[in-house]
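# A look at the structure
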Amino acid sequence: MCGIVGYVGGRPCRDLLVAGLEKLEYRGYDSAGISLLQDGHIDSVHAVGNLGNLRAAVGIGDEGAGAGGVAVAAPPATTGLAHTRWATHGRVTEENAHPHGDCSGDIQIVLNGIVENHTELRAELRAEDHDFSSETDAEIVAHLIERHYDGDLTLAVRRCFAELRGHYAFAAMHADEAGTLVAARQECPLVVGLGESETFVASAIPAFLAETRRALTIENGEIVTITPRGATVTDADGNPVERHHEQITWDAEAAEKGGYETFMRKEIDEQPDAVAETIADRLPSRDRVDLSELELAPDFVAGMRRIVIVACGTSYHAGLVGRYAIEQWARVPVEMDIASEYRYRDPVVGSDDLVIGITQSGETADTLAAMRLARERGATVLALTNIVGSQATRDADAVLFTRAGLEIGVAATKTFTCQVAAMYLLGLWIAQQRGTIAADRLAELIAELKAMPNRVQETLSAVSEQVETVARAEHEGRFFLYLGRNIGLPVCLEGALKMKEISYIPSDAYAAGEMKHGPIALLDESTPVVCVATDSPTLDKMLSNMEEVRARGADVISVATAGSGRTADASDLTIEVPRTDWVLQPLVAILPLQLLAYHVARMKGLNVDQPRNLAKTVTVE
Ligand code: F6R
């Protein structure tokens with residue numbers, strides 16, 4: 001997730017802006033940049049890599065002595081914008097780092113999120129002779145503002161905003177308007193910090209918390225103009241919006257966590273945004289999935305014989321969900337393998353196979369080895385990863401990025417839902433390319449998938465308290481059993497993994513149909529049995545398994561599709577998730593299970609961000 005900081009006021013702002021970016025480092029980034037306005041002229045500097053490189057490039061710490069850097073408008077520029085970028089569109093290069101300028105360089109913008117209609121807008125602007133200097137969707141915004149600029153930056157931003165579709169927040173400046181920044185928000189966070197004769201705009205409060213604790217939150221569809229005297233907020237039509245500031249009382253550490261007690265909880269709540277970013281521009285219209293970024297030869301996609309998915313841990317569970325989706329929609333056989341098994345079993349794999357390595361870090365040793373082995377044997381290898389520039393991206397023929405942003409908590413949460421969302425995109429895209437899905441069914445699923453970020457949000461809001469109550473009742477349990485069928489099974493496997501790794505309570509997940517072949521012996525009156533019983537073609541079977549569990553006196557806690565009275569009747573306690581197409585249910589069904597593991601662990605006083613014996617990236621074999 002990228003970071004935005006902007007400043008207008010009376011102080012030289014270069015160092016203030018870089019200090020603000022440092023406070024946003026925890027969000028993850030791969031490049032950074034700064035633009036400073038002085039004497040009617042804007043200087044910009046970009047650097048790939050960490051903020052140390054940007055500091056060197058602007059000469060901080062080695063004033064005037066070079067440090068291999070180019071001094072930009074030396075202090076005292078008092079208007080500026082800065083940004084840390086996490087690549088989504090375009091490679092990690094200086095050209096793609098923000099701020100981005102218009103044709104003249106007089107307008108500079110920084111943007112977080114995704115402009116979904118960037119392809120159309122770029123074509124229009126090109127036809128009007130705009131020259132682009134980066135591969136990013138963000139640069140479009142600078143050129144759109146240029147198209148509308150007539151001496152009033154706020155007006156130009158408002159007109160530009162009306163033409164954008166997507167999920168973003170941006171801030172802009174103009175060389176002729178020193179002491180003014182204009183920012184707009186659509187889904188991505190944007191806050192203003194009000195100081196004494198100085199004002200900040202940022203993507204998160206930590207960016208200015210060292211300077212002021214008076215903050216103003218900008219809402220969706222709003223535009224804010226800041227000057228040293230304060231902020232003026234309007235809606236997208238220019239109507240004034242009354243907004244009162246709040247006083248921030250968190251300490252610096254809590255600020256990094258955005259006011260949350262743990263990174264894990266924060267990351268659970270980031271899932272609606274992360275899923276939205278992952279699907280965003282890949283569903284550019286009502287009837288088409290666009291994964292042209294994969295650059296897989298159409299003949300290969302049409303003719304491939306089989307898909308093999310290799311992964312570890314949570315990523316393996318995302319692959320299992322993907323298998324249902326791909327087989328259901330694209331009718332290609334899919335095999336799943338745990339990467340540490342696959343690489344050692346002399347697998348039969350060849351040039352008709354697509355091998356998908358799923359790894360959020362892109363550095364997991366076993367997954368990388370499995371991908372390399374398959375590639376040596378002639379398979380086409382696709383990496384599904386969250387990290388631009390990771391080893392997996394170099395070991396693959398094609399790469400599909402999730403856009404979850406940095407995940408600091410060791411337990412994967414938002415990276416899982418983004419992997420699942422990406423597998424849905426892939427399943428639909430393969431089906432579209434192979435012509436195995438009817439046009440109306442494709443359109444229906446695209447509409448459902450687009451609605452998922454809202455459904456994820458609704459679910460988190462609706463189930464949190466209920467799950468906390470379940471956790472309170474069960475957190476001293478000695479064992480949790482998870483049962484599911486069909487797409488419910490990978491959800492159970494993932495729920496049980498979360499419970500083990502952060503609460504240290506033994507837990508097992510089983511295909512419900514397997515229960516009578518052994519695990520039923522585990523059940524007694526003290527066993528909580530979590531059943532994922534959302535609507536699916538096997539719901540009836542699942543309901544009979546739940547009856548069998550209850551007959552042994554164990555408590556059934558079910559995750560059910562809203563309004564499914566039958567599931568509620570077969571359960572002691574039901575947690576409802578919104579109705580969606582059944583294949584998409586894992587995206588919402590996993591949320592109560594993540595929250596359950598989280599609350600149980602917290603009630604046991606455990607460190608959920610750094611569980612014992614576990615590291616975020618497993619690079620040893
Ligand atoms: C569990 C978890 C791990 C990872 C696994 C693979 O919460 O995070 O199970 O999923 O170590 O990691 P990646 O996806 O980086 O290959």
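Before reading further, recall that the structure is shown in the block above.
So, a few notes on the structure that sits alongside this text. From a predicted model like this one, the values you see are computed outputs, not experimental measurements.

### Some points on the overall build of the chain
Of the regular secondary structure elements, the chain holds 19 helices and 24 strands. Against the 2.2 N^0.38 benchmark of 25 Å for 621 residues, the chain shows a C-alpha radius of gyration of 25 Å, consistent with a compact globule. For the chain, the proportion of its 621 residues judged to be buried stands at 60%. When contacts within the chain are restricted to residue pairs at least 6 apart in sequence, those whose partners lie at least 24 apart make up 70%. When the accessible surface of the chain is totalled, it reaches about 22,900 Å², and 46% of it is carbon and sulfur. Within the chain, the 90 negative side-chain charges are centred at a point lying 5 Å from the centre of the 55 positive side-chain charges.

### Quick look at the pairing of strand E21 (residues 507–511)
Summarising the sheet, strand E20 (residues 480–484) and E21 pair through five bridges and their orientation is parallel. Considered in E21, the bridge of Leu481 is made with Asp508. Crossover connection from E20 via helix H16 (residues 488–503) to parallel E21: handedness right-handed.

### What about the sheet that holds strand E10 (residues 199–202)?
Taken in spatial order, the eight strands make up an open sheet running E3-E2-E4-E1-E10-E9-E11-E14, and their pairing is antiparallel. Each having just a single partner strand, strand E3 (41–48) and strand E14 (246–247) make up the two edges of the open sheet. In this sheet, E10 lies alongside strand E9 (residues 191–194) in antiparallel orientation, the contact comprising four bridges. The partner of Val191 across the bridge, within E10, is Ala202. Taken strand by strand, helix H2 (residues 51–58) contacts strand E2 (31–38), E3 and strand E4 (79–85), and its axis lies near 140° from that of E3.

### Quick notes on the packing of helix H8 (residues 271–279) against helix H15 (residues 439–474)
Close contact between H8 and H15 brings their axes to 8 Å; oriented N to C, the two are set at 175°. The pairing of H8 with H15 is recorded here as roughly antiparallel in orientation. Across the interface between the two elements, Gln271, Pro272, Val275, Ala276 and Ile279 of H8 pack against Leu449, Lys450, Pro453, Val456, Gln457 and Leu460 of H15. Within the contact of H8 with H15, the residues separate by chemical class into eight nonpolar, two polar and one charged.

### Focus on H16
Its 16 residues give H16 an end-to-end C-alpha distance of 22 Å, which sits within 8% of 22 Å, the value for a rise of 1.5 Å per residue. Within H16, 13 of the 16 residues are buried, which leaves the element mostly enclosed by the surrounding structure.

### Observations concerning the pattern of salt bridges
Taken as a whole and judged by the stated rule, the model has 34 salt bridges. Across the salt bridge formed by Arg306 and Asp353, the nearest N and O atoms sit 2.9 Å from each other. One end of the pair, Arg306, is in strand E15 (residues 306–311); the other, Asp353, is in strand E17 (residues 353–359), and 47 residues separate them in sequence. With a relative accessible area of 0%, Asp353 lands in the buried category. Between Arg375 and Asp397 there is a salt bridge, with its nearest N and O atoms 3.1 Å apart. Of the two residues, Arg375 is situated in helix H12 (residues 365–376) and Asp397 in the loop between helix H13 (391–394) and strand E19 (398–401); the sequence distance between them amounts to 22 residues. Given the relative accessible area of 33%, Arg375 is considered partly exposed. Exposure remark for Asp397: the relative accessible area of 39% places this residue in the partly exposed category.

### Things to note about the nonpolar core
Counting 92 residues, the largest nonpolar core has Ile307, Trp329, Tyr424, Leu426, Tyr482 and Leu596 as the members making the most contacts within it. For this core, the element with the highest residue contribution is helix H14 (residues 414–434), accounting for 13 residues. In this structure, Leu596 is in contact with Val467, Val470, Ala471, Phe480, Tyr482, Met499 and Val530, ignoring residues within four places of it in sequence.

### A short note on the packing of aromatic side chains
This model, assessed by the stated rule, comprises six aromatic pairs. With centroids separated by 5.1 Å and ring planes inclined at 70°, the aromatic side chains of Tyr7 and Phe200 adopt a geometry described as edge-to-face. One end of the pair, Tyr7, is in strand E1 (residues 3–8); the other, Phe200, is in strand E10, with 193 residues separating them in the sequence. Given the relative accessible area of 2%, Phe200 is considered buried. An aromatic cluster is built from Tyr7, Phe200 and Phe208, whose rings are joined through pairwise contacts. Against the face of Phe132 rests Arg122, its NZ or CZ located 4.5 Å from the ring centre. The side chain of Arg612 reaches across the aromatic face of Tyr504, ending 3.8 Å from its centre.

### Some thoughts on the side chain of Thr359
Assignment of secondary structure puts Thr359 in strand E17. Looking at Thr359, the relative accessible area reads 1%, which means it is buried. In contact with Thr359, not counting residues within four places along its chain, are Ser315, Thr364, Thr367, Leu384, Thr385, Asn386, Ala392 and Gln419.

### Some details on the site of the ligand
Close to the ligand lie 13 residues; Ser315, Thr359, Ser361, Thr364 and Glu501 are nearest. Thr359 is positioned such that a nitrogen or oxygen atom in its side chain is 2.7 Å from an oxygen atom of the ligand. Its free accessible area being 400 Å², the ligand has 89% of it covered by the protein chains. Secondary-structure elements contributing two or more residues to the shell around the ligand are helix H10 (313–330) and H16. No other element matches the three residues that H10 contributes to the shell around the ligand.

Procedures and definitions
- Within each chain, residue numbers correspond to sequence positions counted from 1 in written order.
- Since the coordinates come from a predicted model, pLDDT governs what is reported: local features require at least 70, and pairs of side-chain atoms require 80 or more to be given and counted, while whole-chain, interface and lining totals use all residues.
- Computation of side-chain values: all heavy atoms of the structure, hydrogens and water removed.
- Only runs of H or I of at least four residues qualify as helices and only runs of E of at least two qualify as strands under DSSP, and these elements are numbered from the N terminus.
- Here the radius of gyration uses the C-alpha set of atoms, whereas the globule reference equals 2.2 Å times the residue count to the power 0.38.
- Only protein chains enter the accessibility calculation, which uses a 1.4 Å probe. A residue is then buried if its area is under 20% of the maximum for its type, exposed if over 50%, and partly exposed in between.
- Any two residues whose heavy atoms approach within 4.5 Å at even a single point are treated as in contact.
- For the area figures, the Shrake-Rupley method with a 1.4 Å probe applies, and any residue is considered shielded solely by the protein chains shown.
- Counted charges follow a simple rule, with Lys and Arg positive, Asp and Glu negative, and His plus the chain ends left uncounted.
- All charge positions are set by atom: Lys at NZ, Arg at CZ, Asp at CG, Glu at CD.
- What makes two strands pair is DSSP finding at least two bridges between them.
- Handedness rule for crossovers: strands pointing away from the viewer, path from the first strand over the helix to the second running clockwise, crossover right-handed.
- Every axis in this analysis is a line fitted to C-alpha atoms, fitted for helices over the stretch in contact. Angles between the N-to-C directions lie between 0 and 180 degrees.
- Angles below 35 degrees are treated as roughly parallel, those above 145 as roughly antiparallel, those between 65 and 115 as roughly perpendicular, and all remaining angles as oblique.
- Residues are grouped as follows: Ala, Val, Leu, Ile, Met, Phe, Trp, Tyr, Cys and Pro are nonpolar; Asp, Glu, Lys and Arg are charged; all remaining types, including Gly, are polar.
- Under the convention used throughout, the expected extent of a helix is 1.5 Å for every residue step, that is, one less than its residue count.
- Should a side-chain nitrogen of Lys or Arg be within 4 Å of a carboxyl oxygen of Asp or Glu, the pair is scored as a salt bridge.
- The criterion is simple. A nonpolar core is a set of buried Ala, Val, Leu, Ile, Met, Phe, Trp, Tyr and Cys residues joined through side-chain atoms within 4.5 Å.
- Any two rings among Phe, Tyr and Trp, with Trp reduced to its six-membered ring, count as a pair given centres within 6.5 Å; such a pair is stacked if its planes are under 30 degrees apart, edge-to-face if over 60, and tilted if neither.
- Placement of a positive charge over a ring is assigned whenever Lys NZ or Arg CZ falls within 6 Å of the ring centre and within 35 degrees of the normal to the ring plane.
- A molecule or strand has a residue near it when one of that residue's heavy atoms lies within 4 Å.
- Any pair of nitrogen or oxygen atoms within 3.5 Å is treated as a polar contact; in protein, a donor-acceptor pairing is required on top of that, and neighbouring residues in sequence qualify only through side-chain atoms on both sides.

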